Amino acid sequence: MTFGLRGVSVRRGGVLALQDVDIVLPPGEVRVVVGGDGAGKTTLLSTLAGALRPMEGEVLRPEARRIGYLPAASGVYPDLSVAENLAFAAAAYGSRGAQARERRRMLLARAGLAGVEQRLGAQLSGGMRQKLGVIRAMLHHPDLLILDEPTTGVDPVSRRELWWLIAHAAAEGSAVVVATTYVDEAERAAELLLLDHGRTLGSGTPQAVAAAMPGRLYAGDDPPRGDAVDRAWRRGRPWRLWCPDEQAPGKGWREVRADLQDAVTVALLRWELSRRGGAA
Amino acid sequence: MWAMVVKEFLQLRRDRRTLAMMIVLPLMLLIIFGYAASFDVSRIPTVVVGPSAKAYAQRLEKPFALAGAYPAQGLAAARRDLRDGKADVAFVTGGGATRVLVNGADLFTARAAETAVARMAAAQVDLPRLQAQLRRLLPPGHGDLFHTPRPTKVDVLYNPGLKTALVMVPGLAGVILVFIGTLIASLGVVRERQAGTFEQLAVMPLSPWDVLIGKIAPYFLVAAVDLGLVLGVGMWLFDVPMHGSWALLILGALLFLFVTLSIGVLISSVSQNQGQAIQLAMLTVLPQILLSGLIFPLSSMAVGVRWIAYVLPLTYFVEISRGVMLQGQTVADLWRPFVYLAALGAVAVTFATLRFYRLLNPAAGRDRHRTSAAGKVRA
């Protein structure tokens, strides 16, 4: 069964945190929600998990027993050991027996947490805590796995291990949705949803989102001048300049093909410029 | 539910400081209240002034303890001694009736002094002589109106020595249960919120009842151990009797504990942080200590305040514990406090469950969401 949101709007603390958002989550696929701080990613995932009530729209989700959820704060109990954290989740979701134990052992081993089962949650590094949170969320073979920024603040090795776990869950048939601030992670997804200030700025496959970027993109070694400053950013050493129309920026700039990271940056820039009443 | 109960027990076991506090605090409170919070006044520092000071001082009896007898001094010196704290009572002799000054700033001592002075005055009246004089003054036949009064014998029941500890210890068990039930349990949900685990708990397949019982269970057990400890030590150290049924006392204590724990968890569910939870808990704990009849009798309270006391669970536990332990009361005598306590428990647990339901089922909130068998929810 496909899960997701249809035309969902959510109000939090008097603010419209999510506005008419759609997302489709088919089984066996990883979908990524990408956006900056305050974009509405956590609101979207919390609504999907059932921790928040939508103001309007439709939420399609399985029963609570079939959902796995990693909240933004990892959900790991600091005063319980790794084994106890997992035992609590297993008991709450009714995941018992030799198979469940074997699955727990396998997931711990793949996440590099074998041998630290007796360590308290508070004594784990940030990356270890996130990995434990993901294992806890997927321990019971959920139909829908919701992961809120599992890789934020995590080292590259742990990120790789986390993405193995995420891909494994999808391979097992779970519909997986991952929120992230890292655009490179969105490239791994079958489809992505780009959010800012609770609105959808773009959605589709990474290639489609990149190809849908309006205007033209240029690269140059020197910073732009004048109004163009508002449409420029640095990527590594070189500068990028986005032009919404056919007008070329002049000498020193060469046109480049936009990738997903550029397209996401342009989408956010356009939104920001339109909010400020600029030329978008 | 079992998963939640086990988790809470494990967390409490890890929280050594809270656990130690839950065991040590009751004993500490018992010893402090048992020994220090005594209303028994056995010694009142007293001065006697005026021409007959020496003779009067020799006749002084307990609780008056002579701090000085000064025949050459008068009323002004007596007032000065009271103001300077040298004495709490001063007898000013000479010039007809003896005048007694009492230091009203020390309430219990003043009350004890008043009673002792009245007793002294009564002992000094020669009743047979007074009666004989009246017979001589009245016309014949009217003398029968004056019978020789028999000496009044006072039997103090249930607490013959009028010991404070005997009255305090049964109620103290309640105070301790209030501390643990309300104050410590009030931190339960707030801790989850602050650790960032509450949102996850909210989407787990646990019912509000599972979470509520899970949160209450470990404190219930520790508080039950505390109750036994406090009553045992109280009976051993302060010779508190047990005239009634242990089963009735335990039933009352468990009921009371259920009420206080429900209030604690309710407080926790409405608090955003631990500071708020403690403040709210203190708001319910302090009035219970002051207004439950543990220290001040309900009958001496203003009507409005007394009504506050009637909605406080400790009021009924004090009645039950004193009634069972000191007076040997039975269910027939105590059904009323049991019923009130059960009613308060029903209210507290209903509110706590509703609050938990709202916290744990925000997606099924007040507006009309429809959830199909497939888990489809519409706003």
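Above this text you will find the structure in question.
Everything numeric in this text was worked out from a predicted model, so none of it was measured. (Residues numbered from 1 in each chain as written. Chains lettered and ligands numbered in written order. Predicted model: local features only at pLDDT ≥ 70, side-chain atom pairs only at ≥ 80, totals over all residues. Heavy atoms only, no water.)

1. A word on unusual backbone geometry
Then, number 1: In the segment running from Lys62 of chain B into Pro63 of chain B, the intervening peptide bond is cis, with an omega of 10 degrees.
Then, number 2: Residue position: Pro63 of chain B is located in the loop between α3 (53-59) and β2 (64-70).
Then, number 3: In this structure, His141 of chain A is a non-glycine residue whose phi angle is positive, near 55 degrees.
Then, number 4: Mapped onto the elements of the fold, His141 of chain A is located in the loop between α4 (126-138) and β6 (144-148).
Then, number 5: Given the relative accessible area of 39%, His141 of chain A is considered partly exposed.
Then, number 6: Notably, Asp239 of chain B is not glycine yet its phi reads approximately 55 degrees, a positive angle.
Then, number 7: By the element assignment, Asp239 of chain B lies in the loop between α10 (208-238) and α11 (246-270).
Then, number 8: When its relative accessible area of 53% is taken as the criterion, Asp239 of chain B is described as exposed. (Helix = DSSP H or I, 4+ residues; strand = E, 2+ residues; numbered from the N terminus. Buried < 20%, exposed > 50% of the residue type's maximum accessible area, 1.4 Å probe, protein only.)

2. Topic: the interface of chain A and chain B
Then, number 1: Counting from both sides, the interface comprises 37 residues of chain A and, opposite them, 30 residues of chain B.
Then, number 2: Note on chain A versus chain B: buried area summed over both sides is about 2900 Å², and carbon and sulfur give 60% of it.
Then, number 3: Contact with chain B buries surface across chain A, with Arg53, Tyr77 and Phe88 of chain A losing the most and accounting together for 23% of the total.
Then, number 4: Counting the contacts that link chain A with chain B gives two salt bridges.
Then, number 5: Glu84 of chain A is the salt-bridge partner of Arg14 of chain B, the closest N and O atoms lying 2.6 Å from each other.
Then, number 6: Along the contact surface separating chain A from chain B lie seven residue pairs in polar contact (both at pLDDT 80 or more).
Then, number 7: Only α1 (41-49), β4 (56-60) and α2 (82-92) of chain A provide two or more residues apiece to the side of chain A that touches chain B.
Then, number 8: Taken together, the residues of the side of chain A that touches chain B break down into 23 nonpolar, six polar and eight charged. (Contact = heavy atoms within 4.5 Å. Buried area = accessible area lost by both parts, 1.4 Å probe. Salt bridge = Lys/Arg side-chain N within 4 Å of Asp/Glu carboxyl O. Polar contact = N/O pair within 3.5 Å; in protein donor to acceptor, adjacent residues only side chain to side chain. Nonpolar A, V, L, I, M, F, W, Y, C, P; charged D, E, K, R; others polar.)

3. Looking at the environment of Gly50 of chain B
Residues and elements named next belong to chain B.
Then, number 1: Positionally, Gly50 belongs in the loop between β1 (44-49) and α3.
Then, number 2: Gly50 sits 44 residues away from Gly94 along the chain, and the two C-alpha atoms are 5.7 Å apart.
Then, number 3: Residue contacts for Gly50: discarding those within four places in its chain leaves Tyr70, Pro71, Gln73 and Thr93.

4. Notes on the nonpolar core
Then, number 1: Counting 79 residues, the largest nonpolar core has Phe88 of chain A together with Leu201, Met204 and Leu206 of chain B as the members making the most contacts within it.
Then, number 2: At 14 residues, helix α7 (residues 164-184) of chain B tops the list of elements feeding residues into this core.
Then, number 3: For Phe88 of chain A, the residues in contact, after removing those within four places along its chain, are Tyr77 of chain A together with Ala3, Met4, Lys7, Leu201, Met204 and Leu206 of chain B.
Then, number 4: Membership of the second largest hydrophobic core comes to 41 residues, among which are Ile135, Leu139, Leu165 and Ala267 of chain A. (Core = buried A, V, L, I, M, F, W, Y, C linked by side-chain atoms within 4.5 Å.)

Nothing here speaks to function; it is geometry throughout.
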